[in-house]
Amino acid sequence: MKLVIQRVDEAKVTVDEAIIGRISKGLLILVGVSDTDTTDIADKMLDKALKMRIFDDESGKTNLSLSDVGGELLLVSQFTLYANCKKGHRPSFMEAGKPEHAKALYEYMLTKANDYCDVVQHGSFGAHMHVSLVGNGPFTIVLDSKELLGVNHFTDLPKTISVGFIAVIFRLFKRGRIPWNTTSYIIHFISKTLQLPYT
C-alpha cells in the first residue's frame, strides 16, 4: 500500500463538474492498493498517517496530529501510485491491485477513518476525477507499506516454507539435477527478497 499525504488548507474532488468531496484544513491522502494488501496493513497505514504530527503548534513546530487540530480528511483512491516506469516511456500498472480488491480495501479505510476524525470525505473509485487543493507548506509525505511495515510483496508464504524450499533446491543440486549457478541464483534471490541470512 502506498499513501501520498498532503497537508492542506482546503481540497476538493470533482466528477462531471459536481463536487463530491470537500474539506477545509486537514489532510488530502491519495491511496494506492496492491493485491497483497490486507485490512491489517490498511489499519496500520491509516493509523500511522492520521496520528502523524505534521501540524504546527503554538510555537510553529510540527507537533500536532490531525485530531489535535480538529482537521478534516479527504481520501482519494489512485492506482497510478503503483506505476512501474523501469522500461520504456509508458508506465505499467500491473503492480496495482485488482479493482474489486482495491475498492473493497479503499471503502474499508473510509469507514475506519471515522475513528480518527469527524469529517471524512472521499472521491469516486474508478472515476475520472479532478482533484484540487491549496497546500500548506507545501508539506507532502509518502508512505509505502513495503518500507514502513516490512511487508513483502514477493510472496505471502511464511519464511519457514521459503527456507524449506531453499533446502529442496540445494538437495536437487547435490543430486546433480540442477547446476550450481542456477541453485545459487535461486537461493540468493529468495534470501534477499525475504531478508534471510545468506552468504
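Residues numbered from 1 in each chain as written. Predicted model: local features only at pLDDT ≥ 70, side-chain atom pairs only at ≥ 80, totals over all residues. Heavy atoms only, no water.

A.B. asks: Just to check I follow, could you spell out the overall build of the protein chain for this structure?
C.D. replies: The secondary structure content of the protein chain amounts to 5 helices and 8 strands. The helix and strand sequence of the protein chain, counted from the amino end, reads β-β-β-α-β-β-β-α-β-β-α-α-α. Classification of the 199 residues of the protein chain by burial places 37% in the buried group. Nonlocal contacts in the protein chain, meaning residues at least 24 apart in sequence, comprise 69% of its contacts between residues at least 6 apart. Accessible surface computed for the protein chain: about 12,200 Å², of which carbon and sulfur atoms make up 53%. (Helix = DSSP H or I, 4+ residues; strand = E, 2+ residues; numbered from the N terminus. Buried < 20%, exposed > 50% of the residue type's maximum accessible area, 1.4 Å probe, protein only. Contact = heavy atoms within 4.5 Å. Areas by Shrake-Rupley, 256 points an atom, 1.4 Å probe, with all protein chains shown as cover.)

A.B. asks: Quick question: what am I supposed to make of the nonpolar core here?
C.D. replies: Note that soluble globular proteins tend to have their nonpolar side chains buried in a common cluster. Counting 29 residues, the largest nonpolar core has Met-1, Leu-3, Ile-5, Leu-27, Ile-29 and Leu-73 as the members making the most contacts within it. Elements with a minimum of two residues in this core: β1 (2-15), β3 (26-32), α1 (39-50), β6 (72-77), α2 (99-113) and β8 (130-144). When neighbours within four sequence positions are excluded, Leu-3 is seen to be in contact with Ile-29, Leu-30, Val-31, Met-45, Ala-49, Met-109, Ile-141, Val-142 and Leu-143. Grouped together as the second largest cluster of nonpolar side chains are 12 residues, Val-8, Leu-30, Val-76 and Met-129 included. (Core = buried A, V, L, I, M, F, W, Y, C linked by side-chain atoms within 4.5 Å.)

A.B. asks: What is the right way to read the pairing of β1 from this model?
C.D. replies: On any regular strand, side chains alternate: one points to one face of the sheet, the next to the other face. Here β1 lies mainly inside the structure; 10 of its 14 residues are buried. Bridging between β1 and β8 involves 11 bridges; their strand directions are antiparallel. Paired with Val-4 across the two strands is Val-142, which belongs to β8. In the sheet, β1 pairs with strand β2 (residues 18-23) via 5 bridges, with the strands oriented antiparallel. Following the sheet pairing, Lys-12 is matched in β2 by Arg-22. Once β1 ends, the chain turns through 2 residues before running back antiparallel as β2, passing Asp-16 with a positive phi of about 55 degrees. (Pairing = 2+ DSSP bridges.)

A.B. asks: What exactly am I supposed to notice about the environment of Lys-98 here?
C.D. replies: Summarising the element assignment, Lys-98 is placed in the loop between β6 and α2. Overall, Lys-98 belongs to the partly exposed group, its relative accessible area being 47%. For the pair Lys-98 and Val-33, spaced 65 residues apart in sequence, the C-alpha separation works out to 8.6 Å.

A.B. asks: Looking at this structure, how should I read α2?
C.D. replies: Residue pairs three or four apart in sequence face the same way in an α-helix, which turns once every 3.6 residues. Taking 1.5 Å per residue, 15 residues should reach 21 Å; α2 reaches 21 Å between its end C-alpha atoms and fits that length. Inspection of α2 places Ala-102, Leu-105, Tyr-106, Met-109, Leu-110 and Ala-113 among the buried residues, and these make up the whole buried set. In an axial view of α2, the angular spread of the buried residues amounts to 145 degrees, which keeps them on one side of the axis. Turned more than 90 degrees from where α2 packs its buried face, Glu-100 and Thr-111 sit exposed. Close packing links the buried residues of α2 with β1, β3, α1, β6 and β7 (120-122). (Expected span 1.5 Å × (residues − 1). Arc of directions from axis to C-beta.)

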